[in-house]
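Inside the fold
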Amino acid sequence: MFEDCKPGDPLPPNQHCGPNQFACVDHQYCISNEELCDYSSDCFDSSDESPSNCVGYEYRCNFEEPCAIWSQDSDDQLTWQRIRGSTDSIGTGPIGDHTLGTLNGYFLYIESDPPSSPNDTARMSSYVLKGKDSGCKLRFFWHMRGEDAGKIRIYKRTSFLDGGTKLLDTIQASESEGIWQRKSIDLYQDGANDDFEIVLEGTIGSLMKGDIAIDDITFSYQCQKAESQILPGENVPTPNPNPCNATHQFECGDDTCYSEDQLCNFVSDCSTGADEESCSSSCDFETGGQCHWIQNMEDTADWQVVDGSIGQGKDHTFGNSSGHFLLVLSHGGT
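Residues numbered from 1 in each chain as written. Predicted model: local features only at pLDDT ≥ 70, side-chain atom pairs only at ≥ 80, totals over all residues. Heavy atoms only, no water.

**Regarding the sheet that holds strand β4 (residues 71–72)**
The test is simple: Any two strands with at least two DSSP bridges between them are considered paired. By definition, any uninterrupted DSSP run of H or I lasting at least four residues is a helix, any uninterrupted run of E lasting at least two residues is a strand, and each is numbered from the N terminus.
On the basis of which strands lie adjacent, the open sheet formed by five strands has the order β4-β7-β12-β9-β10 and antiparallel pairing. The two strands at the open ends of the sheet, each matched to only one other strand, are β4 and β10 (165–172). Bridge analysis of β4 against strand β7 (residues 121–125) gives two bridges, and the strand direction is antiparallel. Bridge pairing in β7 links Gln72 to Met124.

Here's what the structure looks like:
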């Protein structure tokens, strides 16, 4: 419960917010522009997070859907995992995400239980951003709860050569209050003009009770994606031939394949749903009609669209009695 909470005194009549402030729509409170569009409502009316105000903020991830802005590094020991609910370990990790504040919301975390080892790390890197965009800031929410939690490091990487990665900040477990906490970092603090990517590294502690979580990662509107997404010294792997071609299958888009028999069969064999997309010639009979199928009037029985209350008890599409399917009815009865 919160009582007597307010962001401060409202603006006096005929006064305006400062040049680096945003005026909340309903109550005319002022907040810093740095707090805009960070997935945290700093205005009572949430106008600081409204879609119309956040149009220019292209690079935001709340992880309610998989996010392409961040990719897992390949030379670490652990993985930033996208989950919802609470972590598996008792006495550590958040109880729900930051975006929704519920067990239904998603966030990223590092599991400290075995087979993880003390001081193992998980790293992920962002898009390559333009180096000349002063005012570019990284904002995110972090959570460390548990007696063995480790640390989060934030790096700025301009190349994969020696000296090309600079530590910007470190968050220690001792700073944790056992709740989601906000972090903001000026990415232009060194004044460098080289294009760069941000690396978020989590390091687990010495024992098991040390899960690390992050959520709602945003870049301020000044941050812009660079034309080249390759940094100096980066090893660019040669794309492998489509592995599905060798088995005469199709790509799901998640490094798995599906066969021609699985195409448009009303079963999602791909986690991406690729095998059931663009199936305009298919029909699940849920619209009540027979799609493009025409009844032959010279036969002795009729195909009719029915629901699960007749015949089989449930359809194939939904697997319940509300779904529809075709059933042969003779002129004299079922």
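After that view, the rundown keeps rolling.
**With respect to the pairing of strand β8 (residues 137–144)**
To keep it simple, the criterion reads: Classification of residues uses two cut-offs on accessible area relative to the type maximum, computed with a 1.4 Å probe and protein chains only: under 20% is buried, over 50% is exposed, and between them is partly exposed.
Counting buried residues in β8 gives seven out of eight residues, a clear majority hidden from the surface. Relative to strand β11 (residues 181–186), β8 runs antiparallel, the two being bridged by six bridges. When the sheet's bridge partners are listed, Phe141 is paired in β11 with Arg182. Here six bridges tie β8 to strand β13 (residues 212–219), and the two strands are oriented antiparallel to one another.

**Some details on the side chain of Asp215**
Where we set the bar: Counted as positive: Lys and Arg. Counted as negative: Asp and Glu. His and the chain ends are not counted at all. Salt-bridge detection follows one rule: a side-chain nitrogen of Lys or Arg within 4 Å of a carboxyl oxygen of Asp or Glu. Throughout this description, a polar contact denotes any pair of N or O atoms lying within 3.5 Å of each other; where both atoms belong to protein, one of them has to be capable of donating a hydrogen while the other can accept it, and for residues adjacent in sequence the pair is counted only when both atoms sit in side chains. Residues are treated as being in contact if the distance between any of their heavy atoms lies within 4.5 Å.
Looking at the element boundaries, Asp215 is found in strand β13. Look at Asp215: it is buried, it has no salt bridge, and the nearest opposite charge is Arg82 at 8.6 Å. At a separation of 3.4 Å, a polar atom in the side chain of Asp215 contacts the side chain of Thr99. Contact partners of Asp215, with chain neighbours within four places excluded, come to Asn62, Phe63, Asp97, His98, Thr99, Tyr106, Phe107, Phe140, Phe141 and Trp180.

**A closer look at the state of the cysteines**
Cut-off, in case you're wondering: Pairs of cysteine sulfur atoms within 2.5 Å are identified as disulfides in what follows.
Inspection of the entire model under this criterion finds seven disulfides. With a sulfur-sulfur separation of 2.1 Å, Cys37 is cross-linked through a disulfide to Cys54. Where Cys37 bonds to Cys54 through sulfur, the torsion about that S-S bond is close to -100 degrees, and the disulfide is left-handed. Placement of the pair is Cys37 in the loop between β2 (30–32) and β3 (60–61) and Cys54 in the loop between β2 and β3, with a sequence separation of 17 residues. Both residues of the pair, Cys37 and Cys54, belong to the buried class. Disulfide pairing places Cys61 opposite Cys67 at an S-S distance of 1.6 Å. With a relative accessible area of 2%, Cys61 lands in the buried category.

**Some details on the environment of Cys37**
Looking at Cys37, the relative accessible area reads 0%, which means it is buried. With 182 residues separating them in the primary sequence, Cys37 and Phe219 have C-alpha atoms 9.2 Å apart. If we skip the residues at most four places from it in the chain, Cys37 touches Asp48, Glu49, Asn53, Cys54, Tyr57, Arg60, Arg139 and Thr218.

**Let's talk about the pattern of salt bridges**
Scanning the entire structure with this criterion turns up ten salt bridges. With a closest N to O distance of 2.9 Å, Asp75 and Arg123 form a salt bridge. Of this pair, Asp75 sits in the loop between β4 and β5 (81–84) while Arg123 sits in strand β7, and the two are 48 residues apart along the sequence. Of the charged contacts, one joins Glu197 and Arg157 as a salt bridge, the two residues approaching to 2.7 Å between their closest N and O atoms.

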